[in-house]
Amino acid sequence: AVERTLSILKPDAVGKNAIGQIIARIESAGLQVVAARMTHLTQGEAEGFYAVHSERPFFGDLVKFMISGPVMVMVLEGENAVATYRDVMGATDPKKATAGTIRADFADSIDENAAHGSDSLDNAKNEIAYFFRATEICPRTR
Ligand code: CMP
């Protein structure tokens, strides 16, 4: 089924000037960018977005990293978009990511891992709503 998922290109990827290369991979995988903007997250926004991880030991470092520079938030649409984008990103830990994936090629560590993608369709709906109003999402047809 056609799905939508939320992508964040993290401060490390943006800092490497790799936005275009990463979007090229997303598009090559058959996904369409239907919403996008640059933003520099506040601490409150980053904490809210990652609230599910608030009890994890890495939460503080994760928030600090996510507010260390600008990010690009995007909504991706396509067949099986949640799983397709996770395949394009590769494993959370770039050391475990398959060659040719975004994280294998652009990420330096599990903490600075270039990209975020929703891990389920339910979470995708919540994460998209966290960053985008319905009117900001621009599918090719409606
Ligand atoms: P992301 O998909 O953005 O979701 C939470 C982030 O926490 C994850 O990518 C990693 O960058 C970071 N993180 C750091 N340590 C871990 C860990 N042990 N397990 C999962 N995520 C981690």
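The structure contained in this document is the topic of the report that follows. This structure is a prediction, so every number in the text was calculated from the model and none was measured. Going along each chain's sequence as written, the residues are numbered from 1 onward. Only residues with pLDDT of at least 70 are given local features in this predicted model, and only at 80 or more are side-chain atom pairs given and counted; all residues enter the totals for whole chains, interfaces and linings. Computation of side-chain values covers all heavy atoms of the structure but excludes hydrogens and water.

By convention in these notes, a residue is near a molecule or strand provided one of its non-hydrogen atoms lies within 4 Å of it. Close contacts around the ligand come from K10, Y50, H53, R56, F58, L62, T92, R103, I110, D111, N113 and H116, and that covers them all. Under the rule applied, a polar contact is a pair of N or O atoms within 3.5 Å (in protein, one hydrogen donor and one hydrogen acceptor; residues adjacent in sequence only if both atoms are side-chain atoms). Within the contact set of the ligand, an oxygen atom lies 2.7 Å away from a backbone nitrogen or oxygen of I110. Across the complex, the protein chains shield 80% of the 460 Å² of accessible surface that the ligand would expose by itself. Residue composition of the shell around the ligand, by class: four nonpolar, four polar and four charged. What sets the accessible areas is the Shrake-Rupley method with a 1.4 Å probe; for residues, cover comes only from the shown protein chains. Charged means Asp, Glu, Lys or Arg here, nonpolar means Ala, Val, Leu, Ile, Met, Phe, Trp, Tyr, Cys or Pro, and polar covers whatever is left, Gly included.

With that settled, the discussion passes to the layout of surface pockets. Where empty space is left becomes clear once a probe the size of a water molecule has been rolled over the atoms. Here a cavity is any set of points on a 1 Å grid over the protein atoms alone where a 1.4 Å probe fits but cannot get out, and a pocket is any open set with protein on both sides within 12 Å along at least 5 of 7 lines; a residue lines the site when it has an atom within 4 Å of a point. Grid points are joined across faces, edges and corners, and a volume is the space filled by probe spheres set on the points. The calculated volume of the largest pocket comes to roughly 620 Å³. When residues of the lining of the largest pocket are traced back to their parent elements, those giving at least two are α3 (43-49), α5 (81-89), β4 (115-117) and α7 (121-131). The biggest single contributor to the lining of the largest pocket is α7, with four residues. Its residues placed into classes, the lining of the largest pocket shows ten nonpolar, nine polar and seven charged. Secondary structure elements are defined from DSSP: runs of H or I of at least 4 residues count as helices, runs of E of at least 2 residues count as strands, and each element is numbered from the N terminus.

Taken together, four strands build an open sheet; the order of strands is β2-β3-β1-β4 and the sheet is antiparallel. Because the sheet does not close on itself, it has two edges, and the strands there are β2 (32-39) and β4. The average undirected angle you get between the axes of adjacent strands in this sheet is 20°. Looking at chain direction, strand β1 (residues 2-9) and β4 are connected through three bridges and run antiparallel. When the bridges of β4 are listed, I8 appears paired with H116. Here, strands pair whenever DSSP counts at least two bridges between them. Axes here refer to lines fitted to C-alpha atoms; in helices the fit is confined to the stretch in contact. Angles between the N-to-C directions go from 0 to 180 degrees.

Attention shifts here to the packing of aromatic side chains. Pairs were defined over the aromatic rings of Phe, Tyr and Trp, the Trp ring being its six-membered one, requiring ring centres within 6.5 Å. Orientation was assigned from the angle between planes: stacked under 30 degrees, edge-to-face over 60, tilted for the rest. In total, this model carries four aromatic pairs according to the counting rule given. With 5.8 Å between their ring centres and 55° between their planes, F49 and Y130 make a pair best called tilted. Note that F49 is positioned in helix α3 and Y130 in helix α7, a separation of 81 residues in sequence. For the exposure calls, accessible area comes from a 1.4 Å probe over protein chains only, and a residue counts as buried if that area is under 20% of its type's maximum, exposed if over 50%, partly exposed in between. On the accessibility criterion, F49 (10% relative accessible area) is buried. Classification of Y130 by relative accessible area gives partly exposed; the value is 37%. With 5.3 Å between their ring centres and 45° between their planes, F49 and F131 make a pair best called tilted. Pair noted here: F49 is in helix α3 and F131 is in helix α7, with a separation of 82 residues, a long-range link. Taken together, the aromatic side chains of F49, Y50, Y130 and F131 make up a single cluster linked through ring pairs. Taking NZ or CZ as reference, R37 lies 4.8 Å from the ring centre of F132, over its face. Charge-over-ring placement is defined geometrically: NZ (Lys) or CZ (Arg) within 6 Å of the ring centre, and within 35 degrees of the ring normal.

Our next topic: α5. For α5, the full list of buried residues reads A81, V82, T84, Y85, V88 and M89. One face of α5 carries all of its buried residues, which in axial projection span an arc of 170°. Taken together, the buried residues of α5 touch β1, α2 (19-28), β3 (71-79), α6 (102-106), β4 and α7. Backbone geometry just after α5 places G90 at a positive phi near 85°. Here, the arc refers to the directions that run from the helix axis to the C-beta atoms. Whether two residues are in contact is decided by their heavy atoms: any pair within 4.5 Å suffices.

The term salt bridge refers to a side-chain nitrogen of Lys or Arg lying within 4 Å of a carboxyl oxygen of Asp or Glu. Per the counting criterion, the structure on display carries four salt bridges. A salt bridge links E77 to R4; the shortest N-O distance between them is 2.8 Å. On the criterion of sequence distance, the pair formed by E77 in strand β3 and R4 in strand β1 is long-range, its members being 73 residues apart. Taking relative accessible area as the criterion, E77 reaches 13% and is therefore assigned buried. K95 is the partner of D93 in a salt bridge, and the nearest nitrogen-oxygen pair spans 3.9 Å. Of the residues examined, D93 reaches a relative accessible area of 12% and is grouped as buried.

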